[in-house]
Amino acid sequence: MEQVLLALAGNQNSGKTTLFNVLTGSNQHVGNFPGVTVEKKVGQVKAIPQASLVDLPGIYSLSPYTSEEVVTRDFILQEHPQVIINIVDATNIERNLYLTLQLMELQVPMVVALNMMDEVIASGNSIRIKELSEQLGIPMVPISAARKQGINELIREVKRTIKNPPAPKKPDFCKGEVHRALHAIAHIIEDHAQAAHYPLRFAATKLVENDEPMRKALHLHDDDLHIIEDIVASMEHALETDREAALADMRYSYIEEICRNNVCKVQETITQQRSEKIDRWLTHRYLGIPIFIMIMLLIFYLTFTVLGGTLQIWMEAGIDALVEQFSRLLNQIGVSEWLHALLIDGVCTGVGSVLSFLPIIVILFFFLSLLEDSGYMARVAFVMDQFLRKIGLSGRSFVPMLIGFGCSVPAIMATRTLSSDRDRKMTILLTPFMSCSAKLPIYGMITAAFFPRHGAWILISVYLLGILTAILSGLLLKHTVFQGDSVPFVMELPAYRIPAARSVILHMWEKAKDFLHRAFTVIFVASILIWFLQSFDWHLNYLNNSSQSILASLGSALAQLFAPLGFTDWRAATALVSGISAKESVVSTLSVLVGGNDAQLSLALQTIFTPLSAYAFLAFTVLYMPCIAAFAATKRELGTWKEALLTIGYQTLAAYMVGMLIYQIGILFV
């Protein structure tokens, strides 16, 4: 059988990514807050080897207001999938069917997967699936993606639809003035829609919505456009409402009509009832933010003191023992001095110093994954909306910022979910101030050397420093570069659910794998390069004293720039420059330059920094420009080199000013 293309479409939080993982076996993280799926993902369906399934971004409509909607709409219209699997949250079927009606207008064979039917049944509610399916003219299959129930039946229905695609039923569910407007416009644009290979009903509907991409795609004459506008104006006048509201009312009226006799809702589902009770506290107007702060404080305490700190010590001891054995082996086989130095002082010291922080990263993301998959993070975005509006953003910007605590690259990409270009650019600029996981080894290194008894508080302070800098920057930018108001924020709050163990483990594994990949690629190469530059002079003479090296001469030229921040040692300046490749390189560079294990590194750092200048150094690393990968993502999202360079320039300037203020004010009290 020839290759088949399937599309998986549905609302956010409908269980779409969970179903994708079940059907394809993909090791893909499942999130429980809007915005986690930014780009389409592809996998082979295990039960249909010749079928490729594309996981499209979660959306609520096919109007191109956000990048997610554009991705979904363009894929279906341009790639022509043989079947659409439309996943519908059965616990909130009325809202989910709004997208279903729009997908029907595309005239593509479709199968509806009614997800979370186990929750519907457990709550005493019911859906007459057969009757509902007949009225819509599309097959419906009850499933529970999380429990893998009904999956075989869904696959059988998809196979049936692939083999015998049903004749597309014309979704003529409109009445009255909307009906007359749509059919009048369809008559005008029929030839244009056919030439553009667009379904006639879909094209007519989009013109009523004043869809600019559709107007351009159909290449309509000015006379036709004037006639269409007159038709729409007559409809608006007759209904006494605007064009978008008229279509929304038409769709929801039809949904209410077909659900009235086919959906029996005795009460809210158990999970929804439980969520409402919990939200009385977690989304409380005054208690919501303090509760969130307390939760994060607890996570940091457990990560850096109780669990992560202990495991890190064990990891350090294990790495030191392995390096010692490797060093003895090299001596036994009689390798040259420079090769021994390269392998031990360069590669092992550089990579090993970073690897020791792996337990902390894994544990931190274990807790963050629990919060994310439970549905709590969506509440935090809701609670933060009022606060973010004061700095010119909306609660939707909180999602990319939250992702930024993990990695700036996906966080910057996640700004595609923002419909406002102003909000998107402002969020891209502020998101790198959220301390990413790559900076954790730097915090651990400085804390171990200067603040061993106050690790959790130091970590909390640098995270808050990044957040405070973002707030002050937002207030400044709101009244200068990005004047205006943020777009209204509407977000569905998913029901609280117990995180799936598989999802949490996958999330931890993805972060650990990404960390290990950087350690053995970017950090590996950077460690070798740093060792070479600090071991040879400009005449390529091997040195025992790195102060005469190539690196020392380059670093010394930069070192004086950081005098106002309290440190002038060339090794500190060099480490900051290497951090542009990857933030973990700051640790590996200092480890290579001073040599020795973690204990010796801590002692060496005390000759480079004072506690105050060490904290200023920490502040600078929190805020200055992100890594090369994040810069590339910034350039790709902003579109121009000028805007990307201005963005990282502002971030680095802010880092310098904050670090200088910390040192200059702090020195008055020391």
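Use the structure listed above.
Residues numbered from 1 in each chain as written. Predicted model: local features only at pLDDT ≥ 70, side-chain atom pairs only at ≥ 80, totals over all residues. Heavy atoms only, no water.

1. Re the packing of aromatic side chains
Quick reminder of the rule: Pairing of aromatic rings covers Phe, Tyr and Trp, the last counted by its six-membered ring, and requires centre-to-centre distances within 6.5 Å; plane angles under 30 degrees mean stacked, over 60 mean edge-to-face, and any other angle means tilted. We call a residue buried when its accessible area falls under 20% of the maximum for its residue type, exposed when it is over 50%, and partly exposed in between, using a 1.4 Å probe and counting protein chains only. Each helix is a run of H or I in the DSSP string that is no shorter than four residues. Each strand is a run of E no shorter than two, and both are numbered from the N terminus. A ring has a charge above it when a Lys NZ or an Arg CZ is no more than 6 Å from the ring centre and no more than 35 degrees off the ring normal.
Scanning the entire structure with this criterion turns up 20 aromatic pairs. Ring geometry for F536 and Y542: centres 5.6 Å apart, planes at 65 degrees, overall edge-to-face. Look at F536 and you get buried, because its relative accessible area is 13%. The partly exposed category is assigned to Y542, whose relative accessible area is 32%. Between the aromatic rings of F567 and F617, the centroid separation amounts to 5.4 Å while the plane-to-plane angle is 80 degrees, which identifies the pairing as edge-to-face. Of this pair, F567 sits in the loop between α25 (550–559) and α26 (570–578) while F617 sits in helix α29 (residues 611–623), placing them 50 residues apart in sequence. The exposure classification of F567 matches that of F617, with both residues buried. In textbook terms, an aromatic cluster arises when at least three aromatic residues are bridged by ring pairs, as seen for F450, F451, F562, F567, F609, F617, F620, Y624 and Y656. Above the plane of the ring of Y496 lies R379, whose end atom (NZ or CZ) is 4.0 Å from the centre. The ring of Y624 carries K583 above its face, with NZ or CZ at 3.8 Å from the centroid.

2. Section: the pattern of salt bridges
Oppositely charged side chains can form a pair if their charged atoms are brought close together. Cut-off, in case you're wondering: Whenever Lys or Arg places a side-chain nitrogen within 4 Å of a carboxyl oxygen from Asp or Glu, that contact is recorded as a salt bridge.
What the rule picks out here adds up to 22 salt bridges. Across the pair R215 and E212 runs a salt bridge, and its minimum N-O distance is 3.7 Å. Linking R215 with E212, this pair stays in helix α9 (residues 212–218), spanning three residues, or about one helical turn. Overall, the relative accessible area of 41% leaves E212 in the partly exposed class. Each member of the salt-bridge network shares a partner with another, and the members are E105, R201, K206, E209 and R251.

3. A look at the nonpolar core
Here is the rule: What is meant by a nonpolar core is a set of buried Ala, Val, Leu, Ile, Met, Phe, Trp, Tyr and Cys residues, joined one to another through side-chain atoms within 4.5 Å. The contact criterion used throughout is that any non-hydrogen atoms of two residues lie within 4.5 Å.
The biggest cluster of nonpolar side chains holds 94 residues, and the ones touching the most others in it are L430, L440, Y443, Y463, L605, F609 and F617. When residues of this core are assigned to their parent elements, the largest contribution, ten residues, is made by helix α16 (residues 358–374). In contact with F617, not counting residues within four places along its chain, are I442, I446, F567, A572, L576, V586 and F609.

4. Thoughts on the packing of α26 against helix α27 (residues 585–594)
Which entries qualify depends on this criterion: Where helices are involved, their axes are fitted lines through C-alpha atoms of the stretch in contact, as for all axes, and angles between N-to-C directions lie from 0 to 180°. Whether a crossing is left-handed or right-handed is set by the direction in which the near helix is turned from the far one by less than a right angle, anticlockwise for left-handed and clockwise for right-handed. Classification convention: Asp, Glu, Lys, Arg as charged; Ala, Val, Leu, Ile, Met, Phe, Trp, Tyr, Cys, Pro as nonpolar; all other residues, Gly among them, as polar.
Running from amino to carboxyl end, α26 crosses α27 at an angle of 145 degrees, the nearest separation of the two axes being 8 Å. Crossing geometry of α26 relative to α27 is assigned as right-handed. Along its contact with α26, which presents W570, R571, A572, T574, A575 and S578, the element α27 presents S585, V586, T589, L590, L593 and V594. Among the residues making up the contact of α26 with α27, the classes are represented as seven nonpolar, four polar and one charged.

5. Concerning unusual backbone geometry
Positive phi values are uncommon outside glycine, yet Q107 reaches one of about 60 degrees. Of note, the phi angle at M116 is positive, near 65 degrees, even though the residue is not glycine. Structurally, M116 is set in the loop between β5 (110–115) and α4 (117–122).

6. Some details on the sheet that holds strand β4 (residues 83–89)
The condition that has to hold: Pairing between strands is defined by DSSP: at least two bridges between the two strands are required.
Taken together, six strands build an open sheet; the order of strands is β2-β3-β1-β4-β5-β7 and the sheet is mixed. The open sheet is flanked by β2 (41–44) and β7 (140–142), the only strands paired with a single partner. Neighbouring strand axes in the sheet, compared pairwise and without regard to direction, differ in orientation by 25 degrees on average. Where β2 lies against strand β3 (residues 51–55), four bridges are found, and the strand directions are antiparallel. Within β3, the residue paired with Q44 across the bridge is S52. Lying on the sheet, helix α5 (residues 129–136) is in contact with β5 and β7; it crosses β7 at an angle near 155 degrees.

7. Notes on the state of the cysteines
Using the following cut-off: In this description, a disulfide is simply a cysteine sulfur pair whose atoms lie within 2.5 Å.
Tallied over the entire structure, the rule returns zero disulfides. In this structure C264 is not part of a disulfide, and its nearest cysteine sulfur, from C259, lies 12 Å away. Given a relative accessible area of 39%, C264 falls into the partly exposed group.

8. Looking at a nonpolar patch on the surface
We count it as follows: Any residue with relative accessible area above 30% and no salt bridge may belong to a patch, with like charges joined within 9 Å and the nonpolar Val, Leu, Ile, Met, Phe, Trp and Tyr side chains within 5 Å. For every accessible area listed, the method is Shrake-Rupley and the probe measures 1.4 Å; residues are considered covered only by the protein chains on display.
Taken together, L661, I665, I667, L668 and F669 make up a surface patch of nonpolar side chains, about 570 Å² in accessible area. Here I667 shows up in the segment after α31 (641–666). For I667, a relative accessible area of 40% gives the class partly exposed.

9. Some words on the side chain of T72
Assignment of secondary structure puts T72 in helix α2 (residues 67–79). Here T72 is in contact with L56, P57, I59 and L62, once residues within four sequence places are set aside.

10. What about helix α8 (residues 200–208)?
Here α8 lies mainly inside the structure; eight of its nine residues are buried. Taken as a whole, α8 has its buried residues at R201, F202, A203, A204, T205, K206, L207 and V208. N210 occupies a position one or two residues after α8 and carries a positive phi of about 65 degrees.

11. Looking at the side chain of D55
Threshold: Distance and chemistry together define a polar contact, namely a pair of N or O atoms within 3.5 Å, with one atom able to donate a hydrogen and the other to accept it when in protein, and with adjacent residues in sequence counting only for side-chain atoms on both sides.
Relative to the helices and strands, D55 resides in strand β3. When its relative accessible area of 0% is taken as the criterion, D55 is described as buried. A polar atom in the side chain of D55 sits 2.8 Å from the side chain of K16.

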